[in-house]
Amino acid sequence: MSDIKRTPLYSLHVELGGKLVDFAGWEMPVQYPLGIMGEHKQCREKAALFDVSHMGQVILRGENVGEKLEALCPQAYATLKEGKARYGFFTNADGGIMDDLIVSNAGDHFFVVVNAALRHQDIPHMRAHLEGVEVTEIFERALVAVQGPKAEDVVGELCPAARDLKFMETTVADINGVECRISRLGYTGEDGYEISIPEDKAIEISKAFLAHEDCEPAGLGARDSLRLEAGLCLYGNDIDQSTSPIEASLGWAIQKRRKEEGGFPGADRVQKELAEGAARKLVGIKPDGRAPARQGVEVQCLEGNTIGQITSGSFGPTVGGPVAMGYVSKGHGEPGEKVNLIIRGKAQPAQIVALPFVTQNYKR
Amino acid sequence: MATYYSEEHEWLTVEGDTATLGITKHAAEQLGEVVFVEQQEAGDEFEKDGEIGVIESVKAASELYAPVDGEIVEVNEALADNPGALNEDPEGEAWIYKIKIADASQLEDLMDEAGYKAFIG
């Protein structure tokens, strides 16, 4: 592939021995020599650094941006305070999820991060619907995540202001004399930061983080097992254009006023499902045995009827066994319910469990 | 005793009409950390290129294909509790099956060590 893209950290990945793969058109490290399992544990126990520069960073400038975003998203962005970030999603007219995103109120603008594979959809979507808002996709900044219980030490050593942030707060601060946007959030279930860095300083600052004895690089492999154990959805696996936020058990991400007032694409369906329950819902599923249940595996009730499908499944290094998420139809999905997973034609016993699989360690 | 290699990255150490079968070090490296091995049972018969097990790593599931016709005579039960052995010692301790070879002439289709080294580059 000649048009595969590289992030500003590409040469660092090569230097660190990263195994590079094509991910959503980007040449990204799936793992480093430490390996997926080791990198996963590194993040849970100390701190890990991830390159997430493939994600789309977008700046929105204009009058009442938060209010205008509410026409595209079911979140209460009009009331999002300066210095705060909020998880959300674009919904389509049928109440399906077009993409999930993080929106931050940066004071004189809004800062939005969207999935790599959907940059081409989301940017035109915002340009078409956010009237009077200047939508600027940022290409000249890297995005680096430092995640784990030691993340505050790793980042705080170079940037004391980072220590003062709480979960889902964002600020601008200098790191090694370079102005960076630092947000206390992530995709691992651990405390940590995502840091937007000018591209020409990205390697220098990443290396400064990695110089800390508790910080090691981690790739997309560990990122996936970490987010799965943390019960966080992956767009394209667990959520897509057909799944509603209520089906995806993302009702918590829709604020009360928006649930009541509606006024976002697909609000009819979302409000109906809030009132009556959805036809299916996303749940945690823990296989009893050791065989991982991967995406697409059929879920059956004990009577043998199909009740759903696994959407994400892998081995959870912290759990020490296989973990999965999937949809089950209405009437099923209470934690403790026993089900069978059809893996290579054989029924393997499993149990519905509450998400997440591991306790989220956010700094509230 | 001679060791043969398949294009599916298995090794086969033959003694008379029986053989020990496993995956190569190269295969183990490509798979990544192994978390589960699905094995068949002693007594199961198989044909060349038939599926005789599945190896699941943190990344994905990979099928194990039979390099020859034969029958499983012994299963390395230790892999059920310690699948990670396949990363540590795939060409030794972490053998997968002992098999009885049905048609020794099929060994001629397999590679020797030098051939396999050239095959993986």
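Below or above, wherever it landed, is the structure these notes cover.

Rules behind the numbers
- Residues numbered from 1 in each chain as written.
- Chains lettered and ligands numbered in written order.
- Predicted model: local features only at pLDDT ≥ 70, side-chain atom pairs only at ≥ 80, totals over all residues.
- Helix = DSSP H or I, 4+ residues; strand = E, 2+ residues; numbered from the N terminus.
- Rg over C-alpha atoms; globule rule 2.2 N^0.38 Å.
- Buried ≥ 20, exposed ≤ 12 C-beta atoms within 10 Å, placed from the backbone.
- Contact = placed C-beta atoms within 7 Å.
- Pairing = 2+ DSSP bridges.
- Nonpolar A, V, L, I, M, F, W, Y, C, P; charged D, E, K, R; others polar.
- Arc of directions from axis to C-beta.

Below, the discussion takes up the overall build of chain A. Within chain A, the secondary structure is distributed over ten helices and 19 strands. Relative to a compact globule of 364 residues, whose C-alpha radius of gyration would be 21 Å, chain A shows 20 Å and is just as compact. Seen through its principal axes, chain A has C-alpha atoms that stretch 65 × 50 × 45 Å. By residue count, 49% of the 364 residues in chain A fall in the buried class. Partitioning the contacts of chain A with sequence separation of at least 6, the portion at a separation of at least 24 is 66%.

As a further point, take the overall build of chain B. When helices and strands are tallied, chain B shows four helices and nine strands. Projected onto the principal axes, the alpha-carbon positions of chain B cover approximately 35 × 35 × 20 Å. Here chain B holds 121 residues, and 40% of them are scored as buried. Taking contacts inside chain B between residues at least 6 apart in sequence as the whole, the part at least 24 apart equals 59%.

As a further point, take the pairing of strand E3 (residues 47–51) of chain A. Residue and element names in this part refer to chain A. Of all five residues in E3, five are buried, a share of seventy percent or more. Of the two faces of E3, the one holding Ala47, Leu49 and Asp51 and the one holding Ala48 and Phe50 are both buried throughout. Pairing of E3 with strand E13 (residues 215–217) involves three bridges; the strand directions are parallel. When the sheet's bridge partners are listed, Ala47 is paired in E13 with Cys215. Two elements, E3 and strand E9 (residues 141–147), share four bridges in a ladder whose sense is antiparallel. Considered in E9, the bridge of Ala48 is made with Gln147.

On to the interface of chain A and chain B, then. Contact with chain A, which involves twelve residues of that partner, is made by ten residues of chain B. Listed by contribution, the elements that provide at least two residues to the side of chain A that touches chain B are helix H2 (36–45), helix H8 (220–229) and strand E16 (306–316) of chain A. Residues of the side of chain A that touches chain B, tallied by class, amount to five nonpolar, four polar and three charged.

Before going further, it helps to spend a moment on helix H5 (residues 151–158) of chain A. Residues and elements named next belong to chain A. The complete set of buried residues in H5 reads Ala151, Val154 and Val155. Buried positions in H5, seen along its axis, are confined to an arc of 80 degrees and lie on one side of it. Those residues of H5 hidden inside the fold are in contact with E3, E9, helix H6 (161–164), strand E12 (192–198), helix H7 (202–210) and E13.

Before going further, it helps to spend a moment on unusual backbone geometry. All names here are of chain A. For the bond from Leu355 to Pro356, the omega torsion is -5 degrees, close enough to zero to count as cis. Tracing the backbone through its elements, the reader meets Pro356 in the segment after strand E19 (346–353). Positive phi, normally seen in glycine, also occurs at Asn64, with a value near 50 degrees. Locating Asn64 in the fold gives a position in the loop between strand E4 (56–61) and helix H3 (65–69). For Met168, which is not glycine, the phi torsion reads 65 degrees and is therefore positive. Mapping Met168 onto the fold places it in the loop between H6 and strand E10 (170–175).

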